[in-house]
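As a plain string of letters, each chain reads:
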Amino acid sequence: MLIKIGGDTLALDGDIRRQIETEAAKLAARFPGEDLEAHAKIQEEFDPLHGHRVRCELSAKIAHGRQIVVRDARKTAKEAIDEVFGLARRNLRRMRRQISLPRTPPHGALSTGTHAVGG
């Protein structure tokens, strides 16, 4: 899995980078055989309603031209990273399930046995 980490000065913190890389490795391990490419962005922000928070955004591309973007803001960087990667796991699992389900025709479309006769 290729991951790029960006943002403000929080992205330079070694502990935060290690946490993001560890979570990205766990995410890639859950989906073996799929090539994941991700970009994580972490930065501080001020929300008038909630005060100072840390916003984490994860954009991931997977096979079949699919992409997910997940973002969340929490009081600490650890909480924000944990939440974003948890949401990404759920979204990728749903997306993978949708890709693997076979497409079936609408109910009754093939089972009626009727044929069109033209003249």
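Overview of the structure. This structure is a prediction, so every number in the text was calculated from the model and none was measured.

### Quick word on the pairing of strand β1 (residues 2-7)
Now for step 1: Where β1 meets strand β2 (residues 37-47), six bridges bridge the pair, whose relative direction is parallel. Looking at the pairing, G6 lines up with K41 of β2.
Now for step 2: In terms of handedness, the path from β1 via helix α1 (residues 14-30) over to β2 forms a crossover that is left-handed.

### Examining the pairing of β2
Consecutive side chains of a regular strand alternate in pointing toward one face of the sheet and then the other.
Now for step 1: Bridge analysis of β2 against strand β3 (residues 51-62) gives 11 bridges, and the strand direction is antiparallel. When the bridges of β3 are listed, A38 appears paired with A60.
Now for step 2: Counting the residues between successive antiparallel strands, the hairpin from β2 to β3 contains three residues.

### Looking at the environment of R93
Now for step 1: Within the secondary structure layout, R93 lies in helix α2 (residues 77-100).
Now for step 2: Along the primary structure R93 and F31 are separated by 62 residues, whereas in three dimensions their C-alpha atoms are 8.7 Å apart.
Now for step 3: What R93 contacts, discounting residues up to four positions off in sequence, is R30 and F31.

### Details of the sheet that holds strand β4 (residues 66-74)
Now for step 1: Taken in spatial order, the four strands make up an open sheet running β1-β2-β3-β4, and their pairing is mixed. Across the chains shown, the open sheet's two edge strands, defined by having one partner strand only, are β1 and β4. Strand-to-strand twist of the sheet, defined as the mean angle between neighbouring strand axes without regard to direction, takes the value 15 degrees.
Now for step 2: Strand contacts of α1: β1 and β2, with the helix running at about 150 degrees to β1, the strand carrying the most contacts.

Rules used throughout
- Residues numbered from 1 in each chain as written.
- Predicted model: local features only at pLDDT ≥ 70, side-chain atom pairs only at ≥ 80, totals over all residues.
- Heavy atoms only, no water.
- Pairing = 2+ DSSP bridges.
- Helix = DSSP H or I, 4+ residues; strand = E, 2+ residues; numbered from the N terminus.
- Right-handed = clockwise from strand over helix to strand, strands pointing away.
- Contact = heavy atoms within 4.5 Å.
- Axes fitted to C-alpha atoms, helices over the stretch in contact; angles between N-to-C directions.

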